[in-house]
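If you want the building blocks of each chain, they are given just below.
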Amino acid sequence: MVTKIITQHLGHPKSTLMGWVTQSLMKRNNRFLEENAVRLCEIQADNTVLEVGFGPGLGLQEAVQYLTDPRGKLLGLDYSEYMHKLARERLRDHIASGKVRLFQGRVESIPLPACSVDKVYHCNCHLYWPDMRAGNAELLRVMRPGALMVSTLNLDYLRWGRSLGFLQGANVEPKPYLEALRAAGFTDVHLEEKYDKGRKFEAIFATAEK
């Protein structure tokens, strides 16, 4: 029962005691993956960058440092109202300046115009998408031709959590996501094993060719 509740909050954290526990777990376990997703995106100073499922805003906080050109913009999309609140507090100065814009909504319906984003990244977020093909098709729509998408994950950690009864119903294995990216129209879709500071993780790459 507890594992089911925690899994539900991982997919959609709320402003409750369990929601607080969930965002604390995100801060502790996802910072490393968020930082590496941002690094692997190779963000340029004038890019428009989108993070999907930004959680408490750790990845946003990392990515905004790269956008030193006035034309550079950082966008974020998350389904959870509670995560919006936390991220808004964390990024309040950048939001006030117009450098960062946050949206609440689903990946299947992103409130952005077509061909408007240079880089997209996310961390463990696709595990909870109800329709990965629809979500990826929408990401492809908002990305410019040649734009890069990077997703980071720790498969060993996810599989361990699954073995303990967590993440039931979540798409832990990468193969369905890779297939959904290809089906949506992405090219050069592949998974790489990476290391940073002696820690292993996986990164999924996909390019928007139109």
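Going by the structure above, here's the rest.
A quick note: this is a predicted structure, and the numbers were derived from the prediction, not measured.

What follows concerns helix H8 (residues 175–184). Those residues of H8 not exposed but buried are Tyr177, Leu178, Ala180, Leu181 and Ala184. In an axial view of H8, the angular spread of the buried residues amounts to 160°, which keeps them on one side of the axis. Considering only its buried residues, H8 is in contact with strand E4 (117–123), helix H6 (132–142), strand E5 (143–153), strand E6 (187–196) and strand E7 (199–208).

Take the pattern of salt bridges next. According to the stated counting rule, one finds ten salt bridges in the structure shown. Close ionic contact of Arg159 with Glu173 constitutes a salt bridge, the shortest N to O distance being 2.7 Å. Within this pair, whereas Arg159 is found in helix H7 (residues 155–163), its partner Glu173 is found in the loop between H7 and H8, the two being separated by 14 residues in sequence. Look at Glu173 and you get partly exposed, because its relative accessible area is 38%. Linking Lys194 and Glu192 is a salt bridge whose minimum nitrogen-to-oxygen distance equals 2.8 Å. Exposure remark for Lys194: the relative accessible area of 21% places this residue in the partly exposed category. A cluster of three or more residues bridged by salt bridges with shared partners is formed by Asp46, Asp69 and Arg71.

Where nonpolar side chains cluster on the molecular surface, the patch consists of Tyr157, Trp160 and Leu164 and spans about 330 Å² of accessible area. In this fold, Leu164 is placed in the loop between H7 and H8. Taking relative accessible area as the criterion, Leu164 reaches 44% and is therefore assigned partly exposed.

So, on to the nonpolar core. If you look at the biggest cluster of nonpolar residues, it comprises 35 residues, and the most contacted ones within it are Leu50, Leu139, Met143 and Phe186. Elements with a contribution of two residues or more to this core: strand E1 (48–52), strand E2 (73–78), E4, H6, E5, H7, H8 and E7. The biggest single contributor to this core is H8, with five residues. Those residues in contact with Met143, other than ones at most four positions away along the chain, are Cys115, Val117, Val120, Leu148, Met149, Phe186, Ala208 and Lys210. Core analysis: the second largest hydrophobic core is formed by 25 residues, Ala37, Phe54, Leu102 and Phe205 among them.

Scoring rules and cut-offs
Residues numbered from 1 in each chain as written. Predicted model: local features only at pLDDT ≥ 70, side-chain atom pairs only at ≥ 80, totals over all residues. Heavy atoms only, no water. Buried < 20%, exposed > 50% of the residue type's maximum accessible area, 1.4 Å probe, protein only. Helix = DSSP H or I, 4+ residues; strand = E, 2+ residues; numbered from the N terminus. Arc of directions from axis to C-beta. Contact = heavy atoms within 4.5 Å. Salt bridge = Lys/Arg side-chain N within 4 Å of Asp/Glu carboxyl O. Patch = residues over 30% accessible without salt bridge, like charges linked within 9 Å, V, L, I, M, F, W, Y side chains within 5 Å. Areas by Shrake-Rupley, 256 points an atom, 1.4 Å probe, with all protein chains shown as cover. Core = buried A, V, L, I, M, F, W, Y, C linked by side-chain atoms within 4.5 Å.

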